[in-house]
Amino acid sequence: MNSVIQCLSNTEPLAKFFIFGCYQDHINQRNQLGTRGRLASAFSELLTEMYVGDNSYVAPWDVKNVIARRAI
């Protein structure tokens, strides 16, 4: 998971898309097969914390939890 997050977070257009909240217009809240935007929101919060936050490290617990709940 660490490698995937590193690759995605270092893809500049994708990182900007999530950090600036552009993803919100593309969430399908009615899709019962997806996470209804929870994964996108958790990923956005993670990227924002990585690039804008004050911490020297971050843990992707929210992203992991959304993925784990969906995998059940």
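Looking at a nonpolar patch on the surface
Inference 1: A surface patch of nonpolar side chains, amounting to about 330 Å² of accessible area, comprises Met50, Tyr51, Val52 and Val58.
Inference 2: Looking at the element boundaries, tyrosine 51 is found in helix α3 (residues 38–51).
Inference 3: Relative accessible area serves as the criterion here: at 43%, tyrosine 51 is assigned to the partly exposed category.

Overview of α3
Because an α-helix packs 3.6 residues into every turn, residues spaced three or four apart end up facing the same way.
Inference 1: A rise of 1.5 Å per residue sets the reference length of α3, with its 14 residues, at 20 Å; its end C-alpha atoms lie 20 Å apart and thus fit the reference within 8%.
Inference 2: When we look at burial in α3, the residues that qualify are Ala40, Ala42, Phe43, Ser44, Leu46 and Leu47.
Inference 3: Check the buried side of α3 and you find it contacts α1 (2–9), α2 (12–19) and α4 (61–71).

Digging into the side chain of serine 44
Inference 1: Tracing the chain through its elements places serine 44 in helix α3.
Inference 2: The buried category is assigned to serine 44, whose relative accessible area is 8%.
Inference 3: Other than its neighbours up to four places away in sequence, serine 44 contacts Phe18 and Tyr23.

So, the nonpolar core
Inference 1: Formed by Ala15, Phe18, Tyr23, Ala40, Phe43 and Leu47, the largest nonpolar core amounts to 6 residues.
Inference 2: At the level of elements, α2 and α3 are the ones that each hand at least two residues to this core.
Inference 3: The element that contributes the greatest number of residues to this core is α3, accounting for 3 residues.
Inference 4: Setting aside its immediate chain neighbours within four residues, phenylalanine 43 contacts Leu8, Phe18 and Val63.
Inference 5: In this structure, Ile5, Ala42, Leu46 and Val66 belong to the second largest nonpolar core, which totals 5 residues.

Cut-offs and rules
Residues numbered from 1 in each chain as written. Predicted model: local features only at pLDDT ≥ 70, side-chain atom pairs only at ≥ 80, totals over all residues. Heavy atoms only, no water. Patch = residues over 30% accessible without salt bridge, like charges linked within 9 Å, V, L, I, M, F, W, Y side chains within 5 Å. Areas by Shrake-Rupley, 256 points an atom, 1.4 Å probe, with all protein chains shown as cover. Salt bridge = Lys/Arg side-chain N within 4 Å of Asp/Glu carboxyl O. Helix = DSSP H or I, 4+ residues; strand = E, 2+ residues; numbered from the N terminus. Buried < 20%, exposed > 50% of the residue type's maximum accessible area, 1.4 Å probe, protein only. Expected span 1.5 Å × (residues − 1). Contact = heavy atoms within 4.5 Å. Core = buried A, V, L, I, M, F, W, Y, C linked by side-chain atoms within 4.5 Å.

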